[in-house]
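Listed below are the residues making up each chain.
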Amino acid sequence: EMQDRSARQIQLEAMLRHAIKRDELSLHYQPQIDLASGDCVGVEALLRWKNPELGQISPGEFIPLAEQTGLILPLGQLILRAACEQLVRWAASTKTAHLSMAVNVSARQCRQLDFAAQVLQILRETSANPCRLNLELPERPLLGELEGTVARMEELKREGVGFALDAFGTGYSSLAY
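Bear in mind that the values here come from a model prediction, so they are computed numbers and not experimental data.

Cut-offs used in this document
- Here the residue numbers are simple positions, counted from 1 along each chain's written sequence.
- Owing to the predicted nature of the model, reporting of local features is limited to residues with pLDDT of at least 70; listing and counting of side-chain atom pairs is limited to 80 or more, with chain, interface and lining totals taken over all residues.
- To get the side-chain values, take all heavy atoms of the structure and skip hydrogens and water.
- Being paired, for any two strands, means DSSP has found at least two bridges between them.
- Under the scheme used here, helices are H or I runs from DSSP no shorter than 4 residues and strands are E runs no shorter than 2 residues, and both carry numbers assigned from the N terminus.
- Here is the rule: rings of Phe, Tyr and Trp (six-membered ring for Trp) pair when centre to centre is within 6.5 Å. Planes less than 30 degrees apart are stacked, more than 60 are edge-to-face, and the remainder are tilted.
- Each residue is placed in one exposure class: buried if its accessible area under a 1.4 Å probe, protein chains only, is under 20% of its type's maximum, exposed if it is over 50%, and partly exposed if it falls in between.
- Pairing of N or O atoms within 3.5 Å defines a polar contact, subject to two protein rules: one partner must be a possible hydrogen donor and the other a possible acceptor, and residues neighboring in sequence count only if both atoms are side-chain atoms.
- Here, residues are in contact when the closest pair of their heavy atoms is within 4.5 Å.

A. Spatial organisation of the pairing of strand β1 (residues 25–33). Where β1 lies against strand β2 (residues 40–51), 9 bridges are found, and the strand directions are antiparallel. What sits directly across from Y29, in β2, is A45. What sits between β1 and β2 in their antiparallel hairpin is a turn of 6 residues, with G38 showing a positive phi close to 80°.

Here's what the structure looks like:
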């Protein structure tokens, strides 16, 4: 059983590397609804992978693998660029120009010293409105390297990027704590 799991991990890692290059990954958008008005005010970008051989692969399977192997860094760049490009397309229509987009950011991305510079570069290259982008940070990086993370957040916040804690209410960010 352990050998089968190990072989599957190795196979998936190789396939994920190719998927990034072959554009097999896509963003899907989960609406965010204002409860008072019932209007859609934004979306959360969700990454999906449809492999030609294996079919749909669960994010619960490939995201942890990407974190372990370091593939989360190029994957994070791909996601952020695709999200910003979509924001630009939506900005061209009066029906969708008001929408914001939440994008999950990995702990590994947050810890990169040039994380803010990477985000700002993608925003410049795509011409996306930074005020429409919300980065969802896991609470874990906030605990490990608080000063660096806060400095990167402040730099992005000055440009209009918004932030949210992912999985709020668990662990150290819970209201009970």
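The discussion continues.
B. Spotlight on the packing of aromatic side chains. Per the stated rule, a full pass over the model turns up 2 aromatic pairs. With a centroid separation of 5.5 Å and 90° between ring planes, the pair formed by W49 and F62 is classed as edge-to-face. Here F62 lies in helix α2 (residues 59–69) and W49 lies in strand β2, a separation of 13 residues in the sequence. Each member of the pair W49 and F62 is classed as buried.

C. Inspection of the side chain of E24 at higher detail. With respect to the element layout, E24 can be found in the loop between α1 (2–22) and β1. Residue classification places E24 among the buried positions, given a relative accessible area of 14%. In this structure the side chain of E24 is engaged in a polar contact, spanning 2.9 Å, whose partner is the side chain of W49. The residues touching E24, leaving out its near neighbours within four places in the chain, are A19, R48, W49, K50, N51 and P52.

D. The arrangement of the environment of P59 in detail. Summarising the element assignment, P59 is placed in helix α2. Among the residues examined, P59 registers a relative accessible area of 25% and is labelled partly exposed. Spatially, the C-alpha atoms of P59 and L46 are 8.9 Å apart, while their sequence positions differ by 13 residues. P59 has contacts with L47, R48 and P64, leaving out every residue within four places of it along the chain.

E. Expanded view of the side chain of S106. In this structure, S106 sits in the loop between β4 (100–104) and α4 (107–111). Other than its neighbours up to four places away in sequence, S106 contacts E67, I72 and P138.

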